[in-house]
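# Summary of the model geometry
Chain by chain, the residues run as shown.
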Amino acid sequence: MMWLLYIVLVLVFLAGLLYLLGNYTFWLPFRSNKLPRIVMLHQVTPRLNASGMNMPPEKFEQLLRLLVSKKSIFCFVSELEQYREQSNVVALSFDDGFMDNYIYAYPLLKKYNAKATIYLATQIEGIEKLSHVQIQEMASSGLVEFGAHTQHHVNLLKLDDQAAYGEMQKSKQDVEQIVGKCPSFAYPFGRFNEKHQQMAREIGFKNAVSTRKKIEAYDVQHPFNIPRVSTHGAMNTLQMRIALAKGRYKL
């Protein structure tokens with residue numbers, strides 16, 4: 001019977017090890033602080049459970065405090081090229097345009113003097129969206145820049161080229177009508193191909209972010225597939241540090 005006990009103990013040990021390696025990717029290589037961290041976020045609200053979509057305000061403030069303690073230089077995604085020679089560069093980015101970005105995230109951005117880019121899906125349905133007045137107030141603060149995220153938050157790979165181009169171009173025009181400019185784009189669901197990258201260039205975007213969980217140098221020749229740092233609303237401090245050091249805290 002002892003051999004059964006040994007097998008159980010080994011299996012428990014292996015399960016624990018796999019959990020640890022999967023949820024704390026300390027084994028991935030550290031990325032130089034000369035490479036920018038583009039952080040991917042969506043909602044910031046206490047009304048929903050912490051998740052991959054929602055980082056509650058207290059957790060978002062914890063992230064901001066950590067970034068400030070690391071002497072981070074906050075910039076907009078559209079400014080990444082001009083910060084290429086700097087270390088500790090961070091670009092916070094929010095997808096979709098949830099109203100809670102104004103109610104809960106914006107006060108914290110002001111408290112820590114941190115810049116952020118919000119990508120608006122200008123005609124998205126099913127969410128409580130930012131109003132034009134809120135968007136204009138945030139933009140006028142100098143702390144928030146707005147980019148486009150298509151009009152209807154569509155998977156570009158499921159559209160023909162003409163429809164995909166229209167979604168991208170019209171969302172840019174929508175944002176420009178509200179705040180006067182729209183320099184950057186985010187691909188909904190992270191779904192796109194090389195043709196969509198070319199469309200982004202032709203439409204006049206300066207760059208575009210993806211959902212690739214990675215940290216790498218900003219490529220001025222190919223700025224339309226920028227990776228981002230993965231986050232989760234239930235991250236602990238160690239996982240935050242791992243994510244900022246390596247691009248992702250878990251597999």
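Calculation notes
Residues numbered from 1 in each chain as written. Predicted model: local features only at pLDDT ≥ 70, side-chain atom pairs only at ≥ 80, totals over all residues. Heavy atoms only, no water. Helix = DSSP H or I, 4+ residues; strand = E, 2+ residues; numbered from the N terminus. Rg over C-alpha atoms; globule rule 2.2 N^0.38 Å. Buried < 20%, exposed > 50% of the residue type's maximum accessible area, 1.4 Å probe, protein only. Contact = heavy atoms within 4.5 Å. Disulfide = S-S within 2.5 Å. Salt bridge = Lys/Arg side-chain N within 4 Å of Asp/Glu carboxyl O. Pairing = 2+ DSSP bridges. Right-handed = clockwise from strand over helix to strand, strands pointing away. Polar contact = N/O pair within 3.5 Å; in protein donor to acceptor, adjacent residues only side chain to side chain.

Turning our attention to the overall build of the chain. Each helix and strand in the chain was counted, giving seven helices and eight strands. Here the C-alpha radius of gyration of the chain, 19 Å, is about what a compact globule of 251 residues would show, namely 18 Å. Relative to its full complement of 251 residues, the chain shows a buried share of 52%. Sequence-distant contacts, at least 24 apart, represent 67% of the contacts inside the chain between residues at least 6 apart.

Moving on: the state of the cysteines. If you walk through the whole model with that rule in mind, you get zero disulfides. C182 provides the cysteine sulfur closest to C75, a residue in no disulfide bond, and the two sulfurs are 17 Å apart. What makes C75 buried here is its relative accessible area of 0%. Assessed through its relative accessible area of 2%, C182 is described here as buried.

A few words on the side chain of N23. When you line up the elements, N23 lands in helix α1 (residues 2–23). Given a relative accessible area of 15%, N23 falls into the buried group. Every residue in contact with N23, bar those within four places of it in the chain, is listed here: Q239, Y249 and K250.

Once that is clear, we can look at the pattern of salt bridges. The full count for this structure, using the stated rule, is nine salt bridges. Measuring nitrogen to oxygen at the nearest pair gives 3.0 Å for the salt bridge that ties K195 to D161. Taken together, the residues K195 in helix α6 (residues 194–203) and D161 in helix α5 (residues 161–179) connect sequence positions 34 residues apart. According to the relative accessible area criterion, D161 is partly exposed, its value standing at 35%.

Even without glycine at this site, K71 takes up a positive phi of about 60 degrees. Take K71: it is sitting in the loop between α2 (57–69) and β2 (73–74). On the basis of relative accessible area, K71 is assigned to the exposed category, the value being 66%. Located in the positive-phi region is H153, a residue other than glycine, with phi close to 55 degrees. By relative accessible area, H153 is classed as buried at 17%.

Take the pairing of strand β4 (residues 116–120) next. With five of its five residues buried, β4 lies for the most part within the structure. Burial along β4 is two-sided: A116, I118 and L120 facing one way and T117 and Y119 facing the other are all buried. Relative to β4, strand β3 (residues 89–96) runs parallel, the two being bridged by five bridges. Residue pairing for β4: D95 is matched across the bridge by Y119. In this fold, the crossover linking β3 to β4 by way of helix α3 (residues 100–112) has right-handed handedness. In the sheet, β4 pairs with strand β5 (residues 144–148) via five bridges, with the strands oriented parallel. Among the inter-strand pairings, L120 is bridged to a residue of β5, identified as A148. Between the parallel pair β4 and β5, the chain is carried across by helix α4 (residues 132–140), and the sense of this crossover is right-handed.

Residue placement: H149 occurs in the loop between β5 and α5. There is a polar contact of 3.1 Å between the side chain of H149 and the side chain of D96. Not counting residues up to four positions away in its chain, the partners in contact with H149 are D95, D96, Y119, L120, A121, S171, F185, A186, Y187 and P188.

Let's shift gears to the environment of Q221. Looking at the secondary structure, you find Q221 in the loop between β7 (207–213) and β8 (226–228). On the accessibility criterion, Q221 (55% relative accessible area) is exposed. With 38 residues separating them in the primary sequence, Q221 and P183 have C-alpha atoms 16 Å apart.

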